Amino acid sequence: MVDFYQIENEYGNVESSFGQRGKDYVKWAARMALELDAGVPWVMCQQADAPDIIINACNGFYCDGFWPNSANKPKLWTEDWNGWFASWGGRTPKRPVEDIAFAVARFFQRGGSFHNYYMYFGGTNFGRSSGGPFYITSYDYDAPIDEYGLLSQPKWGHLKELHAAIKLCEPALVAVDSPQYIKLGPMQEAHVYRVKESLYSTQSGNGSSCSAFLANIDEHKTASVTFLGQVYKLPPWSVSILPDCRTTVFNTAKVGAQTSIKTVEFDLPLFRNISVSQPLMVQNKISYVPRTWMTLKEPISVWSKNNFTIQGVLEHLNVTKDHSDYLWRITRINVSAEDISFWEENQVSPTLSIDSMRDILRIFVNGQLIGSVIGHWVKVVQPIQLLQGYNDLVLLSQTVGLQNYGAFLEKDGAGFKGQVKLTGFKNGEIDLSEYSWTYQVGLRGEFQKIYTIDESEKAEWTDLTPGASPSTFTWYKTFFDAPNGENPVALDLGSMGKGQAWVNGHHIGRYWTRVAPKDGCGKCDYRGHYHTSKCATNCGNPTQIWYHIPRSWLQASNNLLVLFEETGGNPFEISVKSRSTQTICAEVSESHYPSLQNWSHSDFIDQNSKNKMTPEMHLHCDDGHTISSIEFASYGTPRGSCQMFSQGQCHAPNSLALVSKACQGKGSCVIRILNSAFGGDPCRGFVKTLAVEAKCAPSSTTSSSQL
């Protein structure tokens, strides 16, 4: 295995913004890396002008068409974007696994040497680490393993089969510098890796000396092609892999891996109208839930000695140094009787105008929140109501993640740009940049650390009654018990507005129930080039309501939960949720290929072994869970999809009984797609399919079985 060290990532996308200085920087970075004398290859991603001593690599959804800038460099795919970022108030991006597999297979088909997923394991932007701006706290990225550590199926299983198929081609792939190209049709092609037998025998001793990839890049039509005297059927937008140049072991568009439906295993509201000592029974589990919340108001004013007053409107980050999302700006506006008369006579109101603002602005007049603006460098025009005499004007600017990519990102800043003024006064505009402003960084509760166990006890909390009206700029706290078992844990904050959350002093991250547009989601077709708005999901719903709590942050009982809520919500509807895969489904037909788990290099020499192989259905629950029931099973011509299966005209009557016997009570099971396994052919002349839906439940022990 070869290690690569990265010296720059995607600088080439912004290099032109810096002119000659950008080119000089690339050369300097290369020299600096080599002078470290690390003894490893250095890589620059997305850097077409990388010096000869540096390997330039590809990042993207597709990299089969990429070639390094020298024939002496390997073809590297350093970031395969198998998902995409989600933003507050946006749809949730999803990338079909058939398209990911197609892209990977095409990369190796066309001479690829090294491939890496971004991301293979999703994560969480704990604390204030999310960027963007406006990226959500979850960094799940639709990865094969989600942010909770659960497998995302069928993505994980299908890609596992893909790489097993590519692995079978390894002897030929590593022995050939470049493949032979064969045109098979107008949009169909083969790339063949053929090794001379003598050379191959010397290097590996056994296995196939020829491997081939057959591609159909037509987005709409299935194609039948002839390759080396045999006919192969290629679904649209797919690649078939033939490790021995004869036998198809995998096609990127034919998914046999199970589908997993991840849900909450049980739901523990943090408030119930019961005594603290009374156990709450939830799905045969006993958990203790608190019945009270406590509350504390955040002051809308200067709260510490660390404030300062200065003339002018300062840039947000220069003041906060990113120690907090929040920056308070406070000034006083004197309104004359003539101004009041002017507004009444002309039926107009004064207006706050700001040329440009990012990310969130809260506007307070005399202690009351009178408006909010959300956006990335957007103009602010907010009518306000002022009284005769002195009025307190408070502008709270907030960041929701910092700019983390792009040219001159250090100059992007935050807060306000351009003029800040009041319009509509009798004597004209008021330039607020000429006023004295008092600046206060952060929240009082934030800097007093009332979210920690020790400091929380020192704060002046009061009891919150269940019927209390939603309150803005308010702290809440309660205690809860950890869910039983070992499943990952999430906090459901769907009843809240916007703010931040802490558990036992650990910063879970920002939360926000901002809703995605209702349109833009629909049926997903894997065929054709993927883009970030294709196959979007979750339209009309909050972008994120579940927040990951690592079990390592929890104790068995009395876990402290603290929230800071900006816009108002109902904490009594917050719940702790234990996540797991409860439903698994699969569809495998006679036309699927045998499982890659059963292949080895020697199988391509032994024709009898290949002839004995049949397709298989593999079902498995999460670790620590077993298949508790088979909800549906039909061998024949079943209809529908996962959780909506139904029997077709052809159905083997013993399907449910046989699958239940093979799988129920097991952690995993394997079912052969074979007529004899179901007592004979239920309908001659038809391609039979087995469709199964099963339920998983926690278990202390697991086992496996095969039918």
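The name given to the protein chain in an unreviewed UniProt entry is beta-galactosidase, with Vitis rotundifolia as the source organism. The annotation that UniProt attaches to the protein chain under Catalytic activity (unreviewed entry) is "Hydrolysis of terminal non-reducing beta-D-galactose residues in beta-D-galactosides." Among the UniProt annotations of the protein chain, the heading Sequence similarities (unreviewed entry) holds the following wording: "Belongs to the glycosyl hydrolase 35 family."

Here we take up the packing of aromatic side chains. Inspection of the entire model under this criterion finds 40 aromatic pairs. Each residue in the set F61, W81, W84, F85, Y118, Y135, Y139, Y141 and Y530 is aromatic and connected to the rest through ring pairs, giving one cluster. The cationic tip of K417 hangs over the ring face of W377; the distance from NZ or CZ to the ring centre is 4.3 Å. In this structure, K498 packs its charged tip against the face of W512, placed 5.5 Å from the ring centre.

In this section: the sheet that holds strand β32 (residues 498–503). Strand order in the open sheet made by the six strands is β29-β19-β30-β35-β32-β33, with antiparallel pairing throughout. The open sheet has two edge strands, β29 (462–464) and β33 (506–512), and neither has a second partner. Across this sheet, the average inter-strand angle for adjacent strands is 30°, counted without regard to direction.

It is worth spelling out the state of the cysteines at this point. Think of a disulfide as a covalent bridge from one cysteine sulfur atom to another cysteine sulfur atom. Taken as a whole and assessed by the stated rule, the structure comprises eight disulfides. A disulfide bridge connects C650 with C683, and the sulfur atoms are separated by 1.9 Å. Linking C650 and C683, the disulfide has an S-S dihedral of approximately -85° and is accordingly described as left-handed. You can see C650 sitting in the loop between β38 (625–636) and α11 (655–663) and its partner C683 sitting in the loop between β39 (668–672) and β40 (689–698), a full 33 residues away along the chain. Neither residue differs from the other here; C650 and C683 are each classed as buried. No disulfide involves C45; its sulfur sits 9.1 Å from the nearest other cysteine sulfur, which is in C58. With a relative accessible area of 1%, C45 lands in the buried category. The thiol sulfur of C169 is not disulfide-bonded, and the nearest other cysteine sulfur, from C245, lies at 8.4 Å.

Analysis parameters
- Here the residue numbers are simple positions, counted from 1 along each chain's written sequence.
- Given that this is a predicted model, residues contribute local features only at a pLDDT of at least 70 and side-chain atom pairs are listed and counted only at 80 or more, while totals for whole chains, interfaces and linings are drawn from all residues.
- Excluding hydrogens and water, the side-chain figures rest on all heavy atoms present in the structure.
- UniProt positions are given in the numbering used here, feature names are shortened, and annotations may be inferred rather than shown by experiment.
- Under the pairing criterion, centres of Phe, Tyr and Trp rings, with the six-membered ring standing for Trp, must be within 6.5 Å; the plane angle then separates stacked pairs below 30 degrees from edge-to-face pairs above 60, leaving the rest tilted.
- To sit over a ring, a charge needs its Lys NZ or Arg CZ within 6 Å of the ring centre and within 35 degrees of the ring normal.
- Only strands joined by at least two bridges in the DSSP assignment are considered to pair.
- A helix here means a DSSP run of H or I that spans at least four residues, while a strand means a run of E at least two residues long, and both kinds are numbered starting from the N terminus.
- Whenever a helix is involved, its axis is fitted only over the stretch in contact; in every case the axis is a line through C-alpha atoms, and angles between N-to-C directions fall within 0 to 180 degrees.
- When the sulfur atoms of two cysteines come within 2.5 Å, that pair is taken as a disulfide.
- Here's how the labels work: a residue is buried when its accessible area is under 20% of the maximum for its type, exposed when over 50%, partly exposed in between, all with a 1.4 Å probe on protein chains only.

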